[in-house]
Amino acid sequence: MEKVKDKSIVTLINLKKTFGKNKVLRGLNIKIPEKRISYIIGRSGEGKSVTLKHIIGILKPDEGEVWIDGVAMHSADERAWENIRQQIGTLFQDGALFDSLNVFENISFPIQNHTKMPLEKIKNEVKNLLEIVGLANIEEKFPSELSIGERKRVGLARALALKPKLLLYDEPTTSMDPLIADLIDNLIQNTQQKIEGITSVVISHDITSVMNIAEYIFFLHEGKVYFEGTPEEFQTSQDALVKQFLSGGRNGPLAVPIA
Ligand SMILES: Nc1ncnc2c1ncn2[C@@H]1O[C@H](COP(=O)(O)OP(=O)(O)OP(=O)(O)O)[C@@H](O)[C@H]1O
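Figured I'd write up the structure that's included with this text. (Residues numbered from 1 in each chain as written. Predicted model: local features only at pLDDT ≥ 70, side-chain atom pairs only at ≥ 80, totals over all residues.)

### Quick word on the sheet that holds strand E5 (residues 71–72)
Strand order in the open sheet formed by 4 strands is E2-E1-E4-E5, and the pairing between neighbours is antiparallel. Because the sheet does not close on itself, it has two edges, and the strands there are strand E2 (22–32) and E5. (Pairing = 2+ DSSP bridges. Helix = DSSP H or I, 4+ residues; strand = E, 2+ residues; numbered from the N terminus.)

### Overview of helix H4 (residues 119–132)
Its 14 residues place the ends of H4 20 Å apart at the C-alpha level, agreeing with the 20 Å of an ideal helix rising 1.5 Å per residue. Listing the buried residues of H4 in full gives Val126, Leu129 and Leu130. Along the long axis of H4, the arc covered by the buried residues comes to 100 degrees, so they all point the same way. Set apart from the buried face of H4 by more than 90 degrees, the exposed residues are Glu120, Lys121, Asn124, Asn128 and Glu131. In the core, the buried residues of H4 are packed alongside helix H3 (103–114) and helix H5 (148–159). Of the residues one or two after H4, Gly134 is the one with positive phi, at around 80 degrees. (Expected span 1.5 Å × (residues − 1). Buried ≥ 20, exposed ≤ 12 C-beta atoms within 10 Å, placed from the backbone. Arc of directions from axis to C-beta. Contact = placed C-beta atoms within 7 Å.)

### Remarks on the nonpolar core
Ranked by internal contacts, the top residues of the largest apolar core, which has 58 residues, are Val10, Leu129, Ala157, Leu168 and Ile217. No other element matches the 5 residues that E2 contributes to this core. Non-local contacts of Val10, meaning those with residues more than four positions away in its chain, are made with Ile30, Ile32, Ile55, Ile68 and Leu166. (Core = buried A, V, L, I, M, F, W, Y, C linked by C-beta atoms within 7 Å.)

The values are spatial; any link to function lies outside them.
And the structure:
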């Protein structure tokens with residue numbers, strides 16, 4: 001299989017994706033740095049989720065290249081995608097837990113599906129995963145008995161179950177009150193610190209979270225990366241669009257405010 005030399009875990013090259021007349025990605029270039037927390041940000045509808053879906057292979061590009069961990073996924077078959085997806089943990093907006101399964105069954109689901117680990121070991125593993133996300137002794141509970149924050153934590157524990165190299169968060173703090181948003185920001189940061197070598201990618205338009213915890217930022221606009229850099233570079237940018245995004249204001253080149 002084709003390999004690249006660079007060490008970025010995800011590289012998207014000149015990615016193009018159109019739905020009907022809607023040109024969503026128009027030549028997107030992204031190189032996600034390894035072992036850091038990167039944010040992909042931008043206005044609603046700019047293609048953040050579409051980008052994420054290309055990274056997990058739910059969507060295929062019309063044009064362009066998707067490289068994951070050195071493998072050319074744009075020319076890969078479904079089997080190769082299944083293999084690579086085992087290295088990717090995804091935390092969807094609502095945690096995406098199975099309502100009819102308890103916490104133990106939810107977290108152990110990927111382990112039971114993809115490994116032959118004996119039950120006793122799985123029990124230990126689930127306990128460890130719960131510990132990483134700051135929970136204990138809730139294995140028997142069902143999702144309906146959990147708070148939003150707990151559901152997110154359980155979703156994260158499940159995303160971590162197969163020890164992924166890459167962790168994707170889809171709008172983790174959207175429509176959360178500021179206290180829960182803070183808690184989730186801490187969770188993202190703690191997870192990054194606790195799991196050696198992991199790379200985190202967060203899709204967000206929550207500018208507070210971005211500035212609190214991003215180590216690197218990609219700002220999408222009109223189907224491309226309009227600006228990329230560290231939070232400091234973002235904050236000191238004199239670009240009118242970047243400044244408007246930061247302030248969330250109505251005044252600036254963006255016709256509609258951000259959030
Ligand atoms: N499967 C699809 N079929 C048709 N159009 C789609 C599909 N998926 C996304 N789109 C369109 O692509 C555009 C970008 O959507 P996307 O969900 O990536 O935006 P976003 O930047 O994540 O926005 P938000 O912050 O609101 O979630 C939208 O206009 C959306 O309607």
